[in-house]
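Spelled out from the first residue to the last, the chains are:
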Amino acid sequence: MEKWIYAVSSACQSPGREKEFHDWYNKIHIPDILKIPGFKHASRYEIKDTAEGQGKYLALYGIETEDINKTMALLKDTIAKLREQGRISDAATIVSRTLYRQIFEMT
């Protein structure tokens, strides 16, 4: 079983919608994503100093899977279904998505 981190950098479309953005991300979006097989945990962070072109927020999703391509295809399908159901907020803008495979861990 391989371990991965999926890093999603995002921004809020409008400063007046920050509370709505965070409520949606924390209470709706992350729980929806964690229902996908392989997605084990999630955490969010706010950048200290923002540069142009960077997202202000970072979500990190821990994934454990035998087939990352299958897991990511399931994520894509799930996001499409969530969008159809109105469960994707228009307050969110995705700046970047990056997938990292774990190569070392020390506890």
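One can find the structure itself at the top, above this paragraph.
Residues numbered from 1 in each chain as written. Predicted model: local features only at pLDDT ≥ 70, side-chain atom pairs only at ≥ 80, totals over all residues. Heavy atoms only, no water.

Caption draft 1: Geometry of the overall build of the protein. The secondary structure content of the protein amounts to two helices and four strands. Going residue by residue from the N terminus, the α and β elements of the protein occur as β-α-β-β-α-β. The C-alpha atoms of the protein give 14 Å as radius of gyration, which agrees with the globular expectation for 107 residues (13 Å, within 12%). Summarising its shape, the C-alpha atoms of the protein cover approximately 45 × 35 × 20 Å along the three principal directions. Within the protein, the fraction of its 107 residues that count as buried is 32%. Summing over all exposed atoms, the protein offers an accessible surface of approximately 7,200 Å²; the carbon and sulfur share of this is 52%. Averaged over its 16 positive side-chain charges, the protein has a centre that lies 3 Å from the centre of its 15 negative ones. (Helix = DSSP H or I, 4+ residues; strand = E, 2+ residues; numbered from the N terminus. Rg over C-alpha atoms; globule rule 2.2 N^0.38 Å. Buried < 20%, exposed > 50% of the residue type's maximum accessible area, 1.4 Å probe, protein only. Areas by Shrake-Rupley, 256 points an atom, 1.4 Å probe, with all protein chains shown as cover. Lys, Arg positive; Asp, Glu negative; His and termini not counted. Charge placed at Lys NZ, Arg CZ, Asp CG, Glu CD.)

Caption draft 2: A look at the pattern of salt bridges. Applying the stated rule across the entire model yields nine salt bridges. Measuring nitrogen to oxygen at the nearest pair gives 3.6 Å for the salt bridge that ties Glu105 to Lys3. Remark: Lys3 occurs in strand β1 (residues 2–12) and Glu105 occurs in the segment after β4 (92–101); sequence separation between them is 102 residues. Note on Glu105: relative accessible area 49%, which makes it partly exposed. A single network of salt bridges, built from pairs that share partners, joins Arg17, Glu20 and Asp90. (Salt bridge = Lys/Arg side-chain N within 4 Å of Asp/Glu carboxyl O.)

Caption draft 3: Local environment of the layout of surface pockets. Roughly 310 Å³ of volume is contained in the largest pocket. Lining the largest pocket are 16 residues, and of these His29, Ile79, Ile88, Ile94 and Arg97 lie nearest its centre. Counting residues per element, the ones that place at least two in the lining of the largest pocket are β1, α1 (18–33), α2 (68–84) and β4. Here the residues of the lining of the largest pocket sort into 11 nonpolar, two polar and three charged. (1 Å grid on protein atoms, 1.4 Å probe; cavity = no way out; pocket = protein on both sides within 12 Å on 5 of 7 lines; lining within 4 Å. Points joined across faces, edges and corners; volume = space filled by probe spheres on them. Nonpolar A, V, L, I, M, F, W, Y, C, P; charged D, E, K, R; others polar.)

From the geometry alone we can't say anything about function, so treat these as descriptive.
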